[in-house]
Each structure stands twice: as C-alpha cells, then as structure tokens.
Amino acid sequence: MAASDHDQPYLQLSDNPIRFEPVSRVTNVFFDGTTKEVVSVRGGGTLGVVVQGLHTKETFCMEDRGSITSLKFAPDHSRLAVQRTPNSLELLPFSSGEVGPGVVVECKAKNATLLGFVWADNDDLVLVTSHGIEFYHVSKERVFVRLARNYSVPGCCWFVWSAECRTLVLASSSGLSAPGRVTLFPFQFAANYSNKMQKCVGEWYSSFGMDLQLSVLGTSRGARSPSAVSDEQLELSERDVCVAYVYRPAILVLRHPHEPNHSAQLLVFSNLKDSSSFKLTHACQLEMTGRFAVNVIDSLIIVHHQASKVSLVFDIALGVEVRGEVCLVYPATQPASIRPYCIEEPTVAPTTSTASLPAGGDGGRGSKYSGTAAVRSAAVTQIPCQLYAPTWVVFQPSVIIDARLGCLWNLQLDLPAFAATFSDRLQLVSCLLHRRHAKALLLQTIRNVAEQRALHTLGPCFDVINAGYRRHLDALCAQAQCGAAGPMGVVLGGVGSNLTPPTSSLLQPGSPTAANVLASSPSTVVVETVDMYQSVLSPLMEQAQGLGSSSTVDAVSQLQAISLSDGGASDDLDANKESEVQKALETMDESINYLVSVTLDYVRSLTAAGLPVPDFLHQLIVNALLNTGNFFQLHQLLQFHIVPDTKPLKLHGGPYSASTVFSVWGQ
C-alpha cells in the first residue's frame, strides 16, 4: 500500500531537529527517555560528553573507567548514573559541568544481571535486573542510596519505561519449557512511591494467540488452524511493546506479532479508572504486515509502516464495532506519508575573485597591482532526508531518531491538514473534540456544515458536542462535591443547579464495559452555548439579513424614483423591480427560516443533554420569526413551551412594537 498523490501530508518532522554526532567507533550515543536528551560519549568520556535536549546543551569530560553501556541524568541534572559492568552502576554528582566522585551501586540479588535503569524522579532510581526491580532513594545532600523496595520477578528478560505515564512494564519468561510464553508486570512510580500492579498478560500464547486472533478478532482472511500457530511466532519482544498516555489513563500498546496470511493488529490495554490492572479494551486493525513503529500524539496512535512508507492514525474514541469487551478500531483517515523533509548542511565552496593586493617587490612602499585571490564562501545545501529509513529509532511519545544522520525530531500533527482528509463530518467533529487547540477548527467545521444546509449532519454534531459539554460539567461538579476549593465552586454552584437528567442516548448510563470507558471521558475541547452563538448562529443571522438587505434597498429606491419621475408610465420596469424585491425578500426569509431550524435543533440538543438553554438563544429565535412575520410558528413555539413565556423576551422584541410582541404571547 503506497500513499497516493492526493493524500494530505498531515504528519511532519519538527523544523529544528537536535543534531548530534552520529554513532561511530569512537562515539556512542544514548537517548534518555525521561529527560528526552541525547547523550554523545566520545572515547569513553575522555574526549568529551555532549548532552543535548530541546532547551539544554552541556559538554563535560569523564575519566575512562571502561566502556559505557548506559548513561542517564536525573531529571534535575544533579546526578549522573553510568553503567559500565553487567551487575553495577556508578552514581556521580554533577554540577556546573563538573563530575565529582560518587558511589557504586551493585545488584542486591546474587548472580543478577543489570538489564537497565531509569530515573523515576529526581531522587528515585529504579534498577531492573534479571531477578526483578530494585527501587532506591538517592539522597540530595550527598551521593547516598537507600534501598526502598525490592520486587522479585524471576526470569526477567527486558523492560519498557514511560516517563509520561510513570509506568514500567517488565517482561518475564516462564522458562525454557515454554519459550514463547511471556508475562508482563506493570509497575507505577511517583515521588518516593512504587506500586506493583496485577500482571497484564498471563501468557502471550493464550491471551494474544489463537484464542484472541481466531475467536474475538478473527477478521483476517485465510486464518489458520490453532495447531499451525507456533510458540516462536507468538513470542513477544521488546520492540512490540510501548507505553503512552491515550486519553489520560495509562495505556499499554502491544503490537501483534507478524503471522503469514494475517494482517497485523495493534492491541491496546487500558488501565481503567479505579483499577490496579490493565485490560484489553481496543484492537487497531492495521490491515498490513511487516515492521511497524508507534508514536502517540495528542492521544492519537500513529503507526508507521516501513515497507509502504506510510503512517496510519487511530483514534480509539471513534471505535464503534464492539466484539465482546473489545472495541475494534480502524484508521481514522487514509494512510499518508510524512511530509518530505530536507536537512540543511553548510558547505564551503572556493571561488575566484579579482582584488587589489599590495606588491612585495618595491619594499612595501605602497604600490599596488591587480591580482586574483581564492575566497571561500559559505553556502547551505538542502539534502533530502530518507523517510521511514531502516536507521530510524522511534521513542515515545513522538520522538524519531536517525542514528546515521545524527538527527532527533519530534513528530508533529498538522491538525487542519489532518481534518481536511475526513469525509465524514460527524466523525471529524468527534475527533476534534479530543484534540488540544482544536476549538477554533471545530467551530469552523460546524459553521461549514451549517452553511452547506446539511441539517441531517448538523443535528448529530450538536448532540456529540453537547454530550461532551455535559460530561465536562459533570466532572467539574464531581470535583466540587469532593471539596475542590477556589472560584470553581462558585461557578459550579450556578451551572450545576440548572442541569437536568439527560435524555440523549450518548449520555445514558449503559453497562460499564471496558470498550466505552475511554469514549465517555470528558472532552478536551468544550464548546459552550456562547461559543456556538458567536461563531455559528450569529454569523448565520448576519448572512441571512445581508442576503436581501442591500439589493432590496437599492431596488426599492429605484422603484420609488421611477414612480415619482414619470408617474408610473414604465409599468414593465416597475414589474421587474417589484420582482427583484420580492425575490430578495424571499431569499432572506428562506435563510432566516433556515437559521430558526438550526437554532431549534441546537436547543433540542441542549435539552436532550440536560443543559440549560440561555435566553439569548430564545431571543434569537423570536427576533428571526418576527423579522419574517412568521407569527404562527412563534405562537406554536410558545404554546408548546419550546420558547418560554418570560417577560425578558417580551421586552426584547427587537425593532417591533411592544403591542406586536405581547399580542403574539396572547396578552
């Protein structure tokens, strides 16, 4: 599958990548997933250590005490941890580019191998060994370590760490008798705190293999019998697992192993609210096979496919097909490649120029002659970057490193270009509700749908937006009831008292299955009634009034001028002008009536969500109906209490007299 020419490049690499010295025989390069920094070590540290991040760059030297396996700074850069041996690491103080003497920390378990380590906090260090996890507290006053907790997990083979989730996933093999069976143990960390959660996967073979592939998620063509699936094919490796935040709960993303005649799947295990374990909730259908890499941007799962050089975007909140307790998720839009990128490399090119140079034959008395000199001029060369290169290494949440070029990028999402690829407006609105900084784009999308006169789409869009608004208010009310202090409680006191039980199907309680928990979480973008009025309804009213106003006034003026000049002799001309006036008035009335329909649909959606309808929406309806002289419809709206019979509305009848307004109310 290759990206077609019409695919929009909604994914792009950051403009200013971090440049570092590529890996060579002299230079080793390490990436720290906690601080998001690249550490280049030359000659074991004696030739220099360069630490580069988005906002930091430090250079220092170290003593050569052997080859360095791993090197990581504490988040505050006060200490440095260096691993040189298979079962120990050095803790060194670091200040103002100077490395001081430190201590050596050895694995507590006998014959244990140090698989790696991470800084969980400024003072918390986690050692991952072949026998489990050792959680240390590091003193700030001096380099002193204290073992705070030891977790025994036999047969550990690899681990994955996420600084954003404060979650470490440890993989343990059950032994030589079952090499394909792997158990995952999640651990959560905070400042001076650690917690071992329930194991995520008891056995890779039973949970991910034939039972899930063939019974629950058996959507691939040509499925084989269970006996044809071998342990080696089901073995889970480190590159198949990543941890990231997707809609706030800690999400464990597992890539399904490649199997012939099967398309790959990306399984999402969610740490549900008030739960101490991870549970399979979503399965992303990749519909491809081969090597994949995963990034997460703003709760969107980006899956890169190396063979086809395209990326797929999944939004698990859009999954609607549920099988059991697993929600199947398909790509939100068509696969597309990352936007082409060029690296700027400075080059120095020699050029020949003519210049006046001093002569040396006359003793330097000042006589000159014209000669030539070679002048080196600097230039910049644009070198195209190979996308989806085999040398790419992907880290969470959105880091891409090319070790050959010596570049670190942050993957970015061009939200307007991404929105332009959606053909389903309702799906686009649902997606934008969960994206940061998408409020303006969401309101513009609603306005475009309204201007296209697509009422069949506009109503469901209103329902989705108001359901998110209601969940937002419910979450705020829950916080206030739990004792949230500050001005928030004052605001909630007014809003919460006006809320009524919702009747919308989007807000019905339903069964709390794992698949719908994330979809029912509060929206990132909150569209209030004031936003909808200012960005959608009010502009529609202005457009409707402007459609016929200028042309109608001109036509009436010309008609009056003709009548006064020739006493009505030009009957044909008068008839044409009257026809133009009538047509303009009908167009304006039609647009205003459409605005009334849109506003009434929005009021219906607010009522279904149990949200209060502000007076300015009722006032907009009343003024629009009075403008068109549609008193019968206004009387019906009042009779069935769609528009409330309140005194403020009577007093805001717009340009119409009080007698006209009160007569409609039947007073």
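Overview of the structure.

Rules of the game
- Residues numbered from 1 in each chain as written.
- Predicted model: local features only at pLDDT ≥ 70, side-chain atom pairs only at ≥ 80, totals over all residues.
- Heavy atoms only, no water.
- Phe/Tyr/Trp six-rings, centres within 6.5 Å; stacked < 30°, edge-to-face > 60°.
- Helix = DSSP H or I, 4+ residues; strand = E, 2+ residues; numbered from the N terminus.
- Lys NZ or Arg CZ within 6 Å of the ring centre and 35° of its normal.
- Pairing = 2+ DSSP bridges.
- Buried < 20%, exposed > 50% of the residue type's maximum accessible area, 1.4 Å probe, protein only.
- Lys, Arg positive; Asp, Glu negative; His and termini not counted.
- Salt bridge = Lys/Arg side-chain N within 4 Å of Asp/Glu carboxyl O.
- Polar contact = N/O pair within 3.5 Å; in protein donor to acceptor, adjacent residues only side chain to side chain.
- Contact = heavy atoms within 4.5 Å.
- Axes fitted to C-alpha atoms, helices over the stretch in contact; angles between N-to-C directions.

Moving on, we get to the packing of aromatic side chains. Scanning the entire structure with this criterion turns up 14 aromatic pairs. Judged by centre distance (6.2 Å) and plane angle (50°), the rings of Trp 392 and Trp 409 are tilted. Of this pair, Trp 392 sits in strand β31 (residues 392-395) while Trp 409 is found in strand β33 (residues 407-413), placing the two residues 17 residues apart along the sequence. Taken together, the ring pairs connect Tyr 341, Tyr 388, Trp 392 and Trp 409 into an aromatic cluster. For the cation-ring pair, Lys 72 lies above Phe 117, with the distance from its terminal atom to the ring centre recorded as 5.2 Å. Lying across the ring of Tyr 594, Arg 453 places its NZ or CZ 4.4 Å from the centre.

With that settled, the discussion passes to unusual backbone geometry. Here the residue pair Gln 396 and Pro 397 is connected by a cis peptide bond, since its omega of 0° sits within 30 degrees of zero. Relative to the helices and strands, Pro 397 is located in the loop between β31 and β32 (399-402). In the Ramachandran plot, His 77 falls in the positive-phi region, its phi being about 60° despite a non-glycine side chain. Within the fold, His 77 resides in the loop between β7 (70-73) and β8 (79-85).

Our focus in this paragraph is the pairing of strand β3 (residues 27-32). In this structure, β3 lies alongside strand β4 (residues 37-42), joined through six bridges in antiparallel fashion. By the bridge assignment for β4, Phe 31 is matched with Val 38. Connecting β3 to the next strand, β4, in antiparallel fashion are four residues, including Lys 36 with a positive phi near 55°.

This paragraph deals with the side chain of Lys 72. Here Lys 72 shows up in strand β7. Despite its burial, Lys 72 pairs with no opposite charge; the closest candidate is Asp 32, at 5.2 Å N-O. Reaching out from Lys 72, the side chain makes a polar contact with the backbone oxygen of Phe 117 at a distance of 2.6 Å. Sequence-distant contacts of Lys 72, that is, excluding residues within four places in its chain, are made with Asp 32, Arg 79, Leu 80, Ala 81, Phe 117, Val 118 and Trp 119.

Now for the sheet that holds strand β15 (residues 145-152). Strand order in the open sheet made by the four strands is β12-β13-β14-β15, with antiparallel pairing throughout. Strand pairing shows two members of the sheet lacking a second neighbour, β12 (114-121) and β15, which therefore form its edges. When the angles between neighbouring strand axes are averaged without regard to direction, this sheet yields 20°. The pairing of strand β13 (residues 124-129) with strand β14 (residues 132-138) spans six bridges and is antiparallel. Of the residues in β14, the one forming a bridge with Val 126 is Phe 135.

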